[in-house]
Amino acid sequence: MQQEVVLALLAKEPSQGYQLRARLNDALGPLGEALNAGQIYVVLGRLEKTGLVSLEGVTGTRDGERKVYALTPSGQERVSEWLAEVTWPKPDLAEFHLKLIAAAAAGLADPIGIVDAQRRELLRRLRDVQRAELEEPDGSDAALLLEGIVLRLQADLRWLEACEANWTTRRRKQ
Amino acid sequence: MTKEEATKGVESLLLRTQGLRKEYGRDEGLVRAVDDVDLEVTRGETLAVMGPSGCGKSTLLHLLGGLDRPSGGELWLDGKRIDRLSERGLARLRRWDIGFVFQAFHLMDELTARENVELPALIAGRSSRQAGVRALELLDQVGLADRAGHLPSALSGGQRQRVAIARSLVNEPLVVLADEPTGNLDSAATLEVLRLFDHLHASGQTLVIVTHDERVAATADRIVSMRDGALVDEIRLTGGTRANLRDLMTLER
């Protein structure tokens, strides 16, 4: 779990770990199922050590104590920096591209067969994500995230189509 | 294969083609738009046909729906051979057994949503009362009960396509054939239509969808790919589980 995500979730108000988890789950929907429940507490502990959050208090409940965390001034600053950062996950296409080129050059495998296998896998994922998206209620935050993943998969599938067209043409020329 | 053997075939088989061909031109200019296609669609299945434009997928759909006649091969629907039907027989088939959905909706501009849905039922000989009740039911199913009295011009693209889908269902067809049903729609409207196809699928409606939209194809049970008139690949989209979603997102760094 990225530390900045936990920090930023805490920026709304001093909160307990389980409240942050609830916010994460709302935002991520079915994708949040991947999160390890204990991870937030581990991150909070680390953030406390580095002085980005502080323990604001402890609430006693029937089943034990719950720690309330708050951002420190340096935590606030880190959140602002993070929000202003422009980040873009690099698409990792080179490996696949080189796989096709190497396979064709060595005559080891049919590039079109490789493209087809990849296409099948991406279509299956697209189906899963889209199904999850269709099941989200109107106005769900998670639906927007799922839509983003759908569009990325769609872009990848279009690229595979271009790969297939390209390798089909090359094969004909040979 | 004799007629007997074919009709005896698996109960679940609804649509089948064998060596289906459609050719245009002759000699040097011969174009095989559909080239020796063997295809089987089972009852309740959603099949997507994908391929680049000009690959013959729309022509194939027209053949399946009796909008066009094949140059050769066989076409069977619900145990009956339909490629040799008379013009009258084909017209009957299109009216009763097939529902069509097109990219450009093809609604009548001067008719309300409800009248558009009623029309094929009236043409098929139902009473106006029956047709009216059925049309309202279907508009309700596609989430447009409150738009029944609207003209198409007062509806969004996604709503128009939902009216067209309701219309395709009015005579309870054996199969709905859709040709690029989201081709004219933005992403939100595409989702509306996909959600509707999902409902149809759940209700057991057989669907054949020709599309180049990966999102539409991903709602199907099976995808076949076409190139130069021939089927070149088949993908069965089964076994998707939620667990796969976990691989799609990372919050680590």
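Residues numbered from 1 in each chain as written. Chains lettered and ligands numbered in written order. Predicted model: local features only at pLDDT ≥ 70, side-chain atom pairs only at ≥ 80, totals over all residues. Heavy atoms only, no water.

**Q** Can you walk me through the overall build of chain A in this structure?
**A** For chain A, the helix and strand inventory stands at seven helices and three strands. Along chain A, helices (α) and strands (β) appear in the sequence α-β-α-α-β-β-α-α-α-α when read from the amino end. For 174 residues, the compact-globule estimate of 2.2 N^0.38 gives 16 Å, and the C-alpha radius of gyration of chain A, at 23 Å, exceeds that figure by more than 25%. Within chain A, the proportion of its 174 residues that are buried is 39%. Long-range contacts, defined as pairs at least 24 residues apart, comprise 55% of the intrachain contacts of chain A with a sequence gap of at least 6. With an accessible surface of roughly 10,100 Å², chain A has 53% of that area assigned to carbon and sulfur atoms. Counting 23 positive and 26 negative side-chain charges, chain A places the centres of these two groups 7 Å from one another. (Helix = DSSP H or I, 4+ residues; strand = E, 2+ residues; numbered from the N terminus. Rg over C-alpha atoms; globule rule 2.2 N^0.38 Å. Buried < 20%, exposed > 50% of the residue type's maximum accessible area, 1.4 Å probe, protein only. Contact = heavy atoms within 4.5 Å. Areas by Shrake-Rupley, 256 points an atom, 1.4 Å probe, with all protein chains shown as cover. Lys, Arg positive; Asp, Glu negative; His and termini not counted. Charge placed at Lys NZ, Arg CZ, Asp CG, Glu CD.)

**Q** How should the confidence of the model for chain B be read in this particular structure?
**A** A low pLDDT means the predicted coordinates there should not be read in detail. Confidence in the prediction of chain B, expressed as mean pLDDT, is 89, and 89% of residues score 70 or more. Overall fold confidence (pTM) sits at 0.85, and the ipTM for the predicted complex is 0.82. (pLDDT = per-residue confidence, 0-100.)

**Q** What's the story with the packing of helix α1 (residues 3-10) of chain A against helix α2 (residues 17-28) of chain A in this structure? I'm lost.
**A** Between two packed helices, both the angle of their axes relative to each other and the distance between the axes serve to describe the pair. Residues and elements named next belong to chain A. Taken N-terminus to C-terminus, the directions of α1 and α2 make an angle of 105°; their axes are 10 Å apart at the nearest point. By the angle between their axes, α1 is roughly perpendicular relative to α2. Packed against α1, whose contacting residues are Val 5, Val 6, Leu 9 and Leu 10, the element α2 presents Leu 20, Arg 23 and Leu 24 at the interface. For the contact of α1 with α2, the residue count by class is six nonpolar, no polar and one charged. (Axes fitted to C-alpha atoms, helices over the stretch in contact; angles between N-to-C directions. Parallel < 35°, antiparallel > 145°, perpendicular 65-115°, else oblique. Nonpolar A, V, L, I, M, F, W, Y, C, P; charged D, E, K, R; others polar.)

**Q** Hey, could you run me through the packing of aromatic side chains in this one?
**A** The way to describe two aromatic rings as a pair is by their centre distance and the angle between their planes. One pass over the full model with this rule turns up two aromatic pairs over all chains. Note on Phe 96 of chain A and Trp 159 of chain A: the rings are 5.9 Å apart at their centroids and 65° apart in plane angle, and the pair reads as edge-to-face. Note that Phe 96 of chain A is positioned in helix α5 (residues 94-106) and Trp 159 of chain A in helix α7 (residues 141-173), a separation of 63 residues in sequence. In this structure Phe 96 of chain A comes out as buried when scored by relative accessible area, which is 7%. Relative accessible area serves as the criterion here: at 26%, Trp 159 of chain A is assigned to the partly exposed category. Relative to Phe 102 of chain B, the ring of Phe 100 of chain B lies with its centre 5.9 Å away and its plane at 10°, an arrangement referred to as stacked. Among the residues examined, Phe 100 of chain B registers a relative accessible area of 14% and is labelled buried. Across the ring face of Tyr 18 of chain A, the terminal group of Arg 66 of chain A is positioned such that the distance to the ring centre comes to 4.5 Å. The side chain of Arg 170 of chain A reaches across the aromatic face of Trp 167 of chain A, ending 4.3 Å from its centre. (Phe/Tyr/Trp six-rings, centres within 6.5 Å; stacked < 30°, edge-to-face > 60°. Lys NZ or Arg CZ within 6 Å of the ring centre and 35° of its normal.)

**Q** What is the right way to read the pairing of strand β2 (residues 31-42) of chain B from this model?
**A** Looking along a regular strand, one sees the side chains alternate between the two faces of the sheet. Residues and elements named next belong to chain B. Here eight bridges tie strand β1 (residues 13-24) to β2, and the two strands are oriented antiparallel to one another. The residue of β2 that forms the bridge with Glu 23 is Arg 32. Once β1 ends, the chain turns through six residues before running back antiparallel as β2, passing Gly 25 with a positive phi of about 70°. (Pairing = 2+ DSSP bridges.)

**Q** Can you walk me through empty space enclosed by the protein in this structure?
**A** Once rolled over the atoms, a probe with the size of a water molecule shows which space is left empty. Residue and element names in this part refer to chain B. Evaluated as defined, the whole model comprises three cavities of 30 Å³ or more. Size it by volume and the largest cavity reaches roughly 60 Å³. Lining the largest cavity are Leu 63, Gly 66, Asp 68, Arg 69, Pro 70, Leu 75, Ile 82, Asp 83, Leu 85, Leu 90 and Leu 93. Split into classes, the residues belonging to the lining of the largest cavity amount to seven nonpolar, one polar and three charged. (1 Å grid on protein atoms, 1.4 Å probe; cavity = no way out; pocket = protein on both sides within 12 Å on 5 of 7 lines; lining within 4 Å. Points joined across faces, edges and corners; volume = space filled by probe spheres on them.)

**Q** Would you take a moment to explain the interface of chain A and chain B for this structure?
**A** Often the size quoted for an interface is simply the accessible area lost on bringing the parts together. In this assembly, 41 residues from chain A lie in contact with 34 residues from chain B. Summing both sides of the interface, chain A and chain B together bury roughly 3,500 Å²; the carbon and sulfur share of this comes to 50%. Our count for the chain A to chain B interface comes out at six salt bridges. At the surface where chain A touches chain B, the tally comes to 16 residue pairs in polar contact (both at pLDDT 80 or more). Breaking the side of chain A that touches chain B down by element, the ones donating at least two residues are α1, α2, α6 (111-135) and α7 of chain A. (Buried area = accessible area lost by both parts, 1.4 Å probe. Salt bridge = Lys/Arg side-chain N within 4 Å of Asp/Glu carboxyl O. Polar contact = N/O pair within 3.5 Å; in protein donor to acceptor, adjacent residues only side chain to side chain.)

**Q** Would you explain the sheet that holds strand β4 (residues 72-77) of chain B in this entry?
**A** Two orientations exist for strands paired in a sheet by backbone hydrogen bonds: parallel and antiparallel. All names here are of chain B. One open sheet holds the four strands; their spatial order is β2-β1-β4-β5, and the pairing between them is antiparallel. In this open sheet, the two strands that pair with only one neighbour each are β2 and β5 (80-81). In terms of strand pairing, β4 meets β5 through two bridges, oriented antiparallel. Following the sheet pairing, Trp 76 is matched in β5 by Arg 81.

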